[in-house]
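Coordinates in review
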Amino acid sequence: MLKKFIIILITSILFIGCKESKVKGLITEKAMVVSAKKEASKVGSDILQKGGNAYDAMIATHFALAVVYPVAGNIGGGGFMVYRDKNGKKGALDFREKAPITAYKDMYLDSLGNVIKNKSVLGAHAVGIPGSVAGVFEVYKKFGSLPFKELIQPAIDLAKNGFTITRKQADDLNNATDRFRKVNNYKTIFDKEWKAGDLLIQNELAKTLERIRDFGKDGFYKGKTADFLVNYISELGGIITHEDLEKYVAIWRKPIEFSYKDYQITSMTLPASGGICLAQILKSIEPFDISKIEHNSTKYIQLLTEAEKRSYADRAHYLGDIDFINVPIDSLTATSYINKRMETFSWDKATPSSEISHGKILGYESDETTHYSIVDQFGNAVSVTTTLNTGYGSKVLVKGAGFFLNNEMDDFSSKPGTPNVYGLVGSKANSIVPEKRMLSSMTPTIVEKDGKLFMVVGTPGGSTIITSVLQNIINVVDYNMGMQEAVNQPRFHHQWLPDVIRMEPHSFSDATKKELEHLGYSILERNSLIIGRVDAILVLPDGKLEGGADPRGDDTAVGF
């Protein structure tokens, strides 16, 4: 897989600068699903071929990923969806996890006020109330067209009959074995030495999915599945109750909408920080006509880095759950405010993060996530990012029910100014409060041009999600790349703190890195560092669709 990625990457780089993209993804006439796993993309595409719409395919793909991509696909996590219907109407759904009713601000601190290592990351105390199943049923209630049983059955079949795991999946499972053993009080089905080609059968998960098929949302939040979840969390010393599950609701929200050059961009609002940060960064670089700067050159990296630093500093200070705090969204994305933030930028030297605080507002915010993009034959589009937070979430596999639970509680600020697992810091805006949703970096996004659908894009990657989506939009909009070519490009990331530019290894020239260091930037490269796995769809000038499936994973586009 690494060899395949390097070949694609080199091929792609060779043709940068060509007006016509030489690297093509799958091109289809009518409809497409791009996700982290071939099996899930095929399930979604099959639903579309049966006459289902993009929302039906979203539901089918979501459940299939819970089976074939257990590292991040889920029913025990949460996420966000941005949609654009065939008439151009846009909206967003928040099915982010929530803090339990008995959660409290200092629950991860010891008696001296220090953060207890791993308490918010591993085991029962790390788990937020799952939102995925509630989210799926909200989508179905509003937009579903085929019988629900037809949408979930392919996932049930995959769980019962099994599927063949890849080398990458085998490596992921083997790397997590010790943590599975550490947090669970029984031997899970994942506790073995895995190799590529093994068949993974998940009978308990199949039965859980059947309960959801037969009893709807109550098949998860009430009854036998809820009993399994609450009893096991209780056994492990956690605090989730039946009341927590029964009170959970997914919320329809107004997305963040803004323009960049001649494009209209729709992305997720809070508690996802992606839309606000994306708007801030794109508006910060817009005055510079980036298309005249060589792609991935020193100047290009410097400009994006400085814009990212300022946006992530605002993220740390201002952003949180808008149901609990007032966030000045309009002010933070106003052009006048952003221009003022960029006044301290200089081409001559790096602005140290220590000299960048949040901006002043007048009057009065994983790394294993997964994303899928869908366009149907009717013209509807959905962009969905969903996660357990880190790989396999809390590593808690619900005894008797066969699904992993998230560790999203780590996305709260356990202590203001103390970094979480991704190195992100937060303030009291993102402090733990009962039933509050934790801040996220997820950035499911839809781009329009001249009022027509142009691109559906998103990625996993923890704090790097925002910058990965950003770079893919720029690659297509400013550098005329095709979708697969854009996805293949090497990526970099800065998040204010720590003050380093993270780069994919062996992807940027030594001369560029030396020039950046001379300007005062610190570079971090290491082999394990992969920045996002983008799954995207581009509408070509002739109306056909081009998929961009990230070669960094097992990601696959399927359509017709």
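Rules used in this analysis
- Residues numbered from 1 in each chain as written.
- Predicted model: local features only at pLDDT ≥ 70, side-chain atom pairs only at ≥ 80, totals over all residues.
- Heavy atoms only, no water.
- Phe/Tyr/Trp six-rings, centres within 6.5 Å; stacked < 30°, edge-to-face > 60°.
- Helix = DSSP H or I, 4+ residues; strand = E, 2+ residues; numbered from the N terminus.
- Buried < 20%, exposed > 50% of the residue type's maximum accessible area, 1.4 Å probe, protein only.
- Lys NZ or Arg CZ within 6 Å of the ring centre and 35° of its normal.
- pLDDT = per-residue confidence, 0-100.
- Contact = heavy atoms within 4.5 Å.
- Arc of directions from axis to C-beta.
- Salt bridge = Lys/Arg side-chain N within 4 Å of Asp/Glu carboxyl O.
- Pairing = 2+ DSSP bridges.
- Axes fitted to C-alpha atoms, helices over the stretch in contact; angles between N-to-C directions.

Attention shifts here to the packing of aromatic side chains. Overall, the coordinates contain 24 aromatic pairs when judged by the stated rule. On the basis of an interplanar angle of 65° and a centroid distance of 4.9 Å, the ring pair of Y83 and F143 is categorised as edge-to-face. Note that Y83 is positioned in strand β3 (residues 78-84) and F143 in helix α4 (residues 132-143), a separation of 60 residues in sequence. Taken as a pair, Y83 and F143 share a single burial class, namely buried. An aromatic cluster of three or more residues is present, and its members are Y55, Y83, F143 and W252. Here K142 stacks its cationic end above the ring of W252, 4.3 Å away from the centre of that ring. Sitting over the ring of W347, K299 keeps its end group 4.7 Å from the ring centre.

Now for the confidence of the model for the chain. On average, residues of the chain score 92 in pLDDT, and 92% of them are at 70 or above. Below pLDDT 50 for its whole length, residues 1-7 participates in nine contacts with residues either more than four positions away or in separate chains. Long-range and interchain partners of residues 13-19, a stretch whose pLDDT sits below 50, account for eight contacts in this model, where long-range means more than four residues apart.

So, about helix α17 (residues 510-518). Here α17 has its buried residues at T512, K513 and L516. Down the axis of α17, the smallest arc covering the buried residues is 95°, so these residues share one side. In α17, the exposed positions angled more than 90 degrees off the buried face are occupied by D510, K514 and H518. Those residues of α17 hidden inside the fold are in contact with α12 (298-318), β15 (501-503) and β16 (523-525). Two residues or fewer after α17 comes G520, characterised by a positive phi angle close to 110°.

Our focus in this paragraph is the pattern of salt bridges. Per the counting criterion, the structure on display carries 38 salt bridges. The residue D314 makes a salt bridge to R341 at a minimum N-O spacing of 3.2 Å. Taken together, the positions of D314 in helix α12 and R341 in helix α14 (residues 335-341) put the pair 27 residues apart, joining distant regions of the chain. Comparing D314 with R341, the two get one shared label, buried. E525 serves as the salt-bridge partner of K513, at 3.0 Å between the closest nitrogen and oxygen. With K513 in helix α17 and E525 in strand β16, this pair connects stretches of sequence that are 12 residues apart.

On to the sheet that holds strand β12 (residues 445-449). Here seven strands make up an open sheet; going across it, the order is β1-β18-β17-β13-β12-β9-β8 and the pairing antiparallel. Here the strands that pair on one side only, and so sit at the sheet edges, are β1 (27-28) and β8 (256-260). Pairing of strand β17 (residues 535-539) with strand β18 (residues 545-549), which is carried by five bridges, proceeds in the antiparallel orientation. Among the inter-strand pairings, I537 is bridged to a residue of β18, identified as G547. With respect to the sheet, helix α11 (residues 274-285) is in contact with β8, β9 (263-267) and β12, its orientation differing from that of β8 by roughly 15°.

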